[in-house]
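Okay, here's what each chain looks like letter by letter:
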Amino acid sequence: MGGGRRAVGDVEKAVERSIKEMHEKLAEALSIGDIAESAMCSKFHFSREFQRITGVTPRRFLSALRLQKAKELLLATQLTVAEISQAVGYGSVGTFSSRFASSVGVSPSGYRRQNGFIDAPGIVSDGDGGAVKGVVTGPPGADLGLIFLGLFPGRVPEGKPVSCTILRRPGPFEIGNTPPGSWYLIGHSVPAAANEALTDWQGVHVGHLGPLEVPSRASSQTVEFRLRGMRILDPPVLPALQNIRSAVFAGGLVPAHH
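Residues numbered from 1 in each chain as written. Predicted model: local features only at pLDDT ≥ 70, side-chain atom pairs only at ≥ 80, totals over all residues. Heavy atoms only, no water.

Caption draft 1: Up close: unusual backbone geometry. Residue proline 211 is reached from glycine 210 by a cis peptide bond, and omega for that bond is 0°. Of note, proline 211 is situated in strand β6 (residues 205-214). Phi is positive for asparagine 115, close to 55°, though the residue is something other than glycine. Topologically, asparagine 115 is positioned in the loop between α7 (108-113) and β1 (130-137). When its relative accessible area of 41% is taken as the criterion, asparagine 115 is described as partly exposed. Unlike most non-glycine residues, asparagine 177 shows phi in positive territory, near 55°. Tracing the backbone shows asparagine 177 in strand β4 (residues 171-178). (Helix = DSSP H or I, 4+ residues; strand = E, 2+ residues; numbered from the N terminus. Buried < 20%, exposed > 50% of the residue type's maximum accessible area, 1.4 Å probe, protein only.)

Written out as C-alpha cells, the structure reads:
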C-alpha cells in the first residue's frame, strides 16, 4: 500500500516537473518528447499520466499556459502584441491573436486597452434549458472574493461558457439555461483586492466537476462543489472575467444566472 502511494506521488512530481519546464520554456517550440524527457519517462506513458492527473493533454496544458502568460504580459509590460506572441511561443502573430480572442473572449489589444476587463463573458446557450444546482464550499477562512461558476465543454476553461453564474460567497447556486449535453462545471475565485491576471496564483481558488450529464431541458443536476487553493497541476482559467466582478464589488447586482 505504501509503495503504491509513493508511486502515485512520484508520478505527480514528474508531472509537476514537466509543468515547471513548460513555464520556463514558453517561448520555445517544445514537443511532447521534450516535455516527457523533463519528466524522465516515455512519451506515451507521460502523455497518459499527464492527462489522468491534470484532466487535459500536455499540449492543451501548454497552450493554456502560453495564453495565461500572454494575459500577464499584456497588463504588466509595454511589449507589443507581436513581441508577446513570440515570448509565449507563437511564430505567427495572427495565429496568436486568433487563439487569444477565442480563449479569453477579447483580442490581445482589446484586453490591454480594457485593462484585462470585458463587459460580460457571454454564453453559448440561448433560451430556456435545464439546470445545474447545488452548494459551493471552500476552505474555512479563505478570502474567496466573488465566485465565478461556468459550464464548459472541456476541462480547460476557455471561450464562452454554455451558462454561468457569479456568487458573492459560498452557498447555494443554480445555473439555468443549460442545454442537454455533457459539461464541466468549473469555478474560479480571486480575492477582491487582486487583479485576476496578475495574482501569480496567490490567493486563487479553483474547483471542477465533470463531465456532468444534463439529459434534457426539463432536468437538473444537483452537486456539491468544492473550491480549493490553485495548484501547479491545475490548468489556467482563461476567460477574462474581472470586469463582472469589479462591477459587483462596486455595488452591482449578482445575477441569479446568465
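Once you've had a look at it, read on.
Caption draft 2: Spatial organisation of the sheet that holds β1. The strand order across the open sheet formed by 3 strands is β4-β1-β7, and the pairing between neighbours is mixed. Only two strands of the sheet have a single neighbouring strand rather than two, namely β4 and β7 (220-226). The average undirected angle you get between the axes of adjacent strands in this sheet is 20°. Here β1 pairs with β7 via 7 bridges, running parallel. Paired with lysine 133 across the strands is threonine 222, a residue of β7. (Pairing = 2+ DSSP bridges. Axes fitted to C-alpha atoms, helices over the stretch in contact; angles between N-to-C directions.)

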